[in-house]
Each structure stands twice: as structure tokens, then as C-alpha cells.
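# Summary of the model geometry
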Amino acid sequence: MVGKSAGGGGVEDAAAAMRRWVEAGGGRLVMDGGLATELEANGADLNDPLWSAKCLLSSPHLIRKVHLDYLEAGANIIITASYQATIQGFESKGFSKEQSEELLSKSVKIAREARDMFLKEQLDRSMQHPILVAASIGSYGAYLADGSEYSGDYGEAGTLEFLKDFHRRRLEVLAEAGPDLIAFETIPNKLEAQAYVELLEECNINIPAWFSFNSKDGIHIVSGDSLIECATISNGCSKVGAVGINCTPPRFIHGLILSIRKVTDKPILIYPNSGERYDADKKEWVESTGVSDGDFVSYVNEWCKDGAVLIGGCCRTTPNTIKAISRSLNQRHCVSHLPVA
Ligand code: MET
Ligand SMILES: [Zn+2]
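Residues numbered from 1 in each chain as written. Chains lettered and ligands numbered in written order. Predicted model: local features only at pLDDT ≥ 70, side-chain atom pairs only at ≥ 80, totals over all residues. Heavy atoms only, no water.

Looking at an unreviewed UniProt entry, one finds the protein chain named homocysteine S-methyltransferase and attributed to Leersia perrieri. In UniProt, the protein chain has this text filed under Subunit (unreviewed entry): "Monomer." Comment text from UniProt for the protein chain, heading Catalytic activity (unreviewed entry), reads "S-methyl-L-methionine + L-homocysteine = 2 L-methionine + H(+)". (UniProt positions renumbered as here; feature names shortened; annotations may be inferred.)

This is the structure we're talking about:
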């Protein structure tokens, strides 16, 4: 690995915080699975520009239920329903700026409530620690709700300053709501990663962030930008605690981890989708290329060997996927601690 970032004097570097959590979890942490997927499975209609964030308005209890289902399936990390929640998106529905900010905070509040409820019910808390809440920030393309989070093509609007202005207040509000982590998810291009780095610095966010990119060819991120360059940008920011890939077919993950590992020794996170393709025009997933939960889990050992330490699922994965991942990681963990004869 090259280009390790220097730790900031006094304040714990985000990667160090992440490593501490990973160690507390026994060397691996289980992430949750698809949130929108599971909200739909519970009856929510997400055909709306706000997508999963629509439930912040109509059915917060469902969001809490899905968080709880993932915790019960063995997740150490739950990701809030703010992926497609933006001040601009709420305002275009007629909410005031204050109400919109309140809705963003609410996503973190719901996840924290789910965590508290789960911990209260747990008899043996040592089994599944730590439990962390990650505040999701989806890309500008996700807000556009036209599939451009899978192309990274923002046309004329795609300037660094525009993207920073778009995300600034949202980031501040989510950070103020008290999550353990900030999850920059499904980052489709290099410019947006750069915008996030600058915002983390300028807003002086001291909650560890993760940067997660998506790919549709197993080499580049979806815009065609170089994953190595994007991982290098992430590596250079002391506020980024982990780097990885989400919402990408499982078959591509192995090669992508190896690329990331070339330029960083920050913890690597992996939460692929089920391998199905999203049809942005029809706003639905095409089932033909997906893998079963069993197939998904058969990759987990390989991803661990490649160096991933945080593993979960993205769209079209479910609590069953997470249960299987958790079981597989625990077995691995037990085996690696057996005394050598
Ligand atoms: C399009 S990727 C969506 C990620 C988000 N955390 C979700 O599971 O809904
Ligand atoms: Zn996804």
C-alpha cells in the first residue's frame, strides 16, 4: 500500500476509530442489507422521487421495524433512511427548510431508537458489539431519481461547487443528529468524492465517514472514472475511516477490493447488491442476473481473504442475506481462533 494519510494531531483519525470498532467486533463487522428493498417487502410503496425517504413522512414505524429486523439478523451497522432524503427534495414537496431539516434528523433518530430497543432486549450484549448507526448520504444522482447514480453523468450541473452546495447543509444536519458514522454511499464519480472530502474538512465533521463507490464493469466506478483515483482521494482524507463498494454485483467485488487495497490501508467495506440490474426507466430491478443468498454468501470468505472487514448487502438483499453473512463470518471467526494442534 502507498500514500498512507497522516493522523491529525490530537483528534483520533477516522480510520483508527473504525479499526477500534472492527476489533471490538472480533475482527469483522456485519452491515445491514437493502433498506428500500425491505421497506417494500413490508408493504411500502416507494415509487416516488424520495424513494425510501418517503417512509420518513408516511411510515416511520416501518423504517424502525426494518432496522430492528437487520439488527436481529446480526447486523452491527444500520444505515439510516436518508439515502434519498435531501432538503431540496423535501422542499419540492412543499415542506419548509426547517421541516426538511427535521425530517433528515428524524432518520437518525429512528435508527437510534431501533438500536436502543434492540439493546434493551438483548440478554447477552457481548454477542453483537458494537452496534452503530450510519447516516446515509446518497449522491446528487440519487436525488435526481433518474438513474444517474448508476451513470454518474450530471451534465452541466456537475461542478465541484454545485455539488458542495447541494450537500453542505444536509451533511451538517445529519452530523448534528448524532450518528456514529456518515455513510457516503453509491458514489458514482470522482467529482462527488472530491466534493465530499472538501465538505468534511470545511464543515469540520468529526464523525468518521465512509466512502463507498459503485461499479458496473468490475474495474471503473459507474461514471468510468478510475476506482484507484477515487480510492486515493478517499485515502487522502483523515476524516474518511473506511473505503469500499456497494450496490454492485457480487461477481465484481474481488477485483475491486484488490484495486482499493493498492492505494489504502484504511478498513475496506463491501455491501454488494444481489447482482440484478436496475432499469431506471421502469424504476424496477431486472431479476435475470441475480444470485441467491447462498451464492452471495459463498463469496464472503474470498472477500475476507482479500481484506474486507465490513461486509453486508445493498439493494435486493434482505435480513436472510445478512443472517447468512453473519453466520458465515462467525464461523470463520471461530475457526480462526481454534488452537493449533
Ligand atoms: C441505491 S443504493 C441504496 C442504499 C441504501 N442504504 C439502501 O439500502 O436503501
Ligand atoms: Zn443499493
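Don't stop here, the text continues.
Moving on to the coordination of the zinc ion (ligand 2). The zinc ion (ligand 2) binds to the protein through Cys247 (SG), Cys314 (SG) and Cys315 (SG); the donor distances cover 2.2 to 2.4 Å. Each donor residue of the zinc ion (ligand 2) lies on the same chain, and together they follow the pattern C-x66-C-C. The two residues Cys314 and Cys315 agree in class, both being buried. (Donors = N, O, S within 2.8 Å, 3.2 Å for Na, K, Ca; no water. Buried < 20%, exposed > 50% of the residue type's maximum accessible area, 1.4 Å probe, protein only.)

Phi at Cys247 takes a positive value of approximately 45 degrees, unusual for a residue other than glycine. Here Cys247 is to be found in the loop between strand S6 (240-246) and helix H11 (253-263). Of the residues examined, Cys247 reaches a relative accessible area of 4% and is grouped as buried. At Lys283, a residue that is not glycine, the phi angle is positive and equals roughly 55 degrees. (Helix = DSSP H or I, 4+ residues; strand = E, 2+ residues; numbered from the N terminus.)

In the vicinity of ligand 1, the contacting residues are Gly34, Leu35, Ala36, Trp51, Tyr83, Glu149, Tyr150, Glu185, Thr186, Cys247, Cys314 and Cys315. At a separation of 2.9 Å, an oxygen atom of ligand 1 approaches a polar backbone atom of Leu35. The contact in question runs from an oxygen atom of ligand 1 to an N or O atom on the backbone of Ala36, over 3.3 Å. Surface burial for ligand 1 is 97%, taken as the share of its 300 Å² of free accessible area covered by protein chains. A per-class count over the shell around ligand 1 returns eight nonpolar, two polar and two charged. (Near = heavy atom within 4 Å. Polar contact = N/O pair within 3.5 Å; in protein donor to acceptor, adjacent residues only side chain to side chain. Areas by Shrake-Rupley, 256 points an atom, 1.4 Å probe, with all protein chains shown as cover. Nonpolar A, V, L, I, M, F, W, Y, C, P; charged D, E, K, R; others polar.)

With respect to the helices, strands and loops of the structure, Ile219 is situated in the loop between strand S5 (209-213) and helix H10 (227-235). Among the residues examined, Ile219 registers a relative accessible area of 54% and is labelled exposed. Once the C-alpha coordinates of Ile219 and Cys314 are considered, the two residues, 95 residues apart in sequence, prove to be 19 Å apart. Residue contacts for Ile219: discarding those within four places in its chain leaves Leu227 and Leu256. (Contact = heavy atoms within 4.5 Å.)

Moving on to the pairing of strand S7 (residues 268-271). The side-chain alternation of S7 yields two buried faces, one formed by Ile268 and Ile270 and the other by Leu269 and Tyr271. In terms of strand pairing, S6 meets S7 through four bridges, oriented parallel. Bridging from a neighbouring strand, Asn246 pairs with Tyr271 of S7. Relative to strand S10 (residues 308-311), S7 runs parallel, the two being bridged by three bridges. Among the inter-strand pairings, Ile268 is bridged to a residue of S10, identified as Ala308. (Pairing = 2+ DSSP bridges.)

On to the side chain of Asp48. Mapped onto the secondary structure, Asp48 falls in the loop between helix H2 (35-41) and helix H3 (54-58). Engagement of the side chain of Asp48 in a polar contact is seen with the side chain of Lys93, the distance being 2.8 Å. Those residues in contact with Asp48 that lie beyond four places of it in its chain are Lys54 and Lys93.

Ranked by size, the top nonpolar core spans 81 residues in total, and within it Phe184, Phe211 and Phe213 carry the most contacts. Considering every element that reaches this core, the biggest residue donor is helix H6 (residues 97-121), with eight residues. Among residues more than four places away in sequence, those in contact with Phe213 are Ile187, Ala193, Ile221, Leu227, Cys230, Ser234, Val243, Gly244, Ile245, Asn246 and Thr248. Grouped together as the second largest cluster of nonpolar side chains are 22 residues, Val22, Ile77, Ala242 and Cys314 included. (Core = buried A, V, L, I, M, F, W, Y, C linked by side-chain atoms within 4.5 Å.)

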